[in-house]
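Here is what each chain is made of, one letter per residue.
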Amino acid sequence: VKGAQVEELYSLDKDSLDKLGPVFGLIFLFKWREGEKDDRPVSVDHADSLFFANQVINNACATQAILSILLNTPGVQLGPQVQELKDFTQEFPPDLKGLAISNSESIRRAHNSFARPEPFVSDEKAPATKDDDVYHFISYVPAQGALFELDGLKPGPINLGPATMDNWLDVARPAIEERIAKYSASEIRFNLMAVIQNRQEVLTRQLQESQDQQASLQNSLSKINDSMEVEGQDNESASFLKLNLETINNQIAGINMEIAMEVEKFRNWKEENIRRKHNYIPFIYNMLRMLAEKKQLKPLIDKARELKA
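Here the residue numbering is sequential within each chain, running from 1 through the sequence in written order. Per-residue local features are limited, in this predicted model, to residues with pLDDT of at least 70; the limit for side-chain atom pairs, both in listing and counting, is 80 or more; totals at the level of whole chains, interfaces and linings are taken over all residues. Water and hydrogen atoms play no part in the side-chain values, which are based on all heavy atoms of the structure.

Caption draft 1: Summary view of the nonpolar core. Of all hydrophobic cores here, the largest spans 21 residues; its most connected members are Ile27, Leu67, Leu71, Leu78, Ile101, Phe137 and Val195. Secondary structure elements are taken from DSSP: a helix is a run of H or I of four residues or more, a strand is a run of E of two residues or more, and numbering for both begins at the N terminus. Going through the elements one at a time, β2 (23-31), α2 (61-70), α3 (80-88), α4 (94-102) and β6 (191-197) are the ones with two or more residues in this core. The element contributing the most residues to this core is α2, with five residues. Counting 20 residues, the second largest nonpolar core, distinct from the first, contains Leu26, Ile138, Tyr140 and Ala163. Remark: nonpolar core denotes a set of buried residues (Ala, Val, Leu, Ile, Met, Phe, Trp, Tyr, Cys) joined through side-chain atoms within 4.5 Å. A simple rule labels every residue: compare its accessible area, found with a 1.4 Å probe on the protein chains alone, to the largest value its type can have, and call it buried under 20%, exposed over 50%, or partly exposed in between.

The structure is reproduced here in structure tokens:
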């Protein structure tokens, strides 16, 4: 998928969300509680026009939440594998769509590429108990004139009410705040992310528009200056253009700074992913072995115990 990125949100206020626009959808992470009832009816009117898939495998709700937004957002440039999945499953019911996602080799490979290495894997996989922390991702996406909550553990999408592409965030905000308030007495660990248009692409377009305005102002100012030299008098229009040109120059400088920040952010994300996925066990093992061979390991352990005591 090209032209999209995921941004973590720290506030639901309108100004923060407007700065990220356009926003394709929201992803909400919360602690899942077994046996919790939800009596809200699922929507059946949009079953044919809305991509909704049941979650059929564990630990894939984040990937499925992202897909739920991307596959319901017109104009997003889908790659050939994702587009093929969307076309192939168009007439499928939610459970078969979920199976298709789980059987997609390209999606599985992309999902697993972000997994941390597990050097020591137990053959026994115990099911989660009530004392374990289990988290779940759901999506909020505008489609077909309404806002939908897409939760792969539900039988279908939940219609949260009428919404347009211009006001759907205003509809989503109270729905998310209500869910947070529902758990706030016992749980404070939430996370909210937005799937947005690639910021570098948005800023690059804004930069081009500002540079076009800059060139136009410079051209107009040059013509006025030539006229002033001939007539030998000042011109109020020149002062006005100079003021506008200064504003545009400052705007261009600000956009360039934002683009540089986005480039740096993507560089940091890439580095973090490399470090997170790297297997450090061989390095740690060999370092401890070399310290032991040089008789330096035991003194370090003893010193650590003394400091702890």
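Caption draft 2: Fine view of the pattern of salt bridges. Here, a salt bridge means any side-chain nitrogen of Lys or Arg that lies within 4 Å of a carboxyl oxygen of Asp or Glu. In this structure the tally under the stated criterion is 14 salt bridges. In this structure, the salt-bridge partner of Lys154 is Asp151, at a minimum N-O distance of 3.1 Å. Taking the relative accessible area as the measure of exposure, Lys154 reaches 18% and is therefore buried. Arg173 is the partner of Asp170 in a salt bridge, and the nearest nitrogen-oxygen pair spans 3.1 Å. Of this pair, Asp170 and Arg173 both sit in helix α6 (residues 168-183), three residues apart, which is roughly one turn of the helix. Residues participating in the shared-partner salt-bridge network are Glu7, Glu262 and Lys265.

Caption draft 3: Spatial organisation of the sheet that holds strand β4 (residues 146-150). Strands sit in the order β1-β6-β2-β3-β4-β5 across an open sheet of six strands; the sheet is antiparallel. Among the strands making up the open sheet, the edge pair consists of β1 (4-9) and β5 (158-162). When strand polarity is set aside, the average angle formed by the axes of neighbouring strands in this sheet is 20 degrees. Any two residues whose heavy atoms approach within 4.5 Å at even a single point are treated as in contact. Orientation is described by axes fitted as lines to C-alpha atoms, over the contacting stretch for helices, and by angles from 0 to 180 degrees between their N-to-C directions. Against the sheet, α2 makes contact with β1, β2, β3 (135-143), β4 and β6, and its axis sits at roughly 0 degrees relative to β3, the strand it touches most. If DSSP finds at least two bridges between two strands, the strands pair.

Caption draft 4: Here's a closer look at the packing of aromatic side chains. Classification of ring pairs uses Phe, Tyr and Trp, with its six-membered ring standing for Trp, and accepts pairs whose centres are within 6.5 Å; under 30 degrees between planes counts as stacked, over 60 as edge-to-face, and the remaining range as tilted. Applying the stated rule across the entire model yields four aromatic pairs. Taken together, a centroid distance of 5.1 Å and an interplanar angle of 70 degrees make the contact between Phe88 and Phe92 edge-to-face. In this structure Phe92 comes out as partly exposed when scored by relative accessible area, which is 26%. Between Phe266 and Trp269 the ring centres are 5.1 Å apart and the planes differ by 45 degrees, which places this aromatic pair in the tilted class. Placement of the pair is Phe266 and Trp269 together in helix α8 (residues 236-277), with a separation of three residues, close to one helical turn. Members of the aromatic cluster, connected to one another through ring pairs, are Phe28, Phe30 and Phe190. Any Lys NZ or Arg CZ that is within 6 Å of a ring centre and within 35 degrees of that ring's normal is treated as a charge sitting over the ring. One residue, Arg179, lies across the ring of Phe30, its end atom 4.8 Å from the ring centre.

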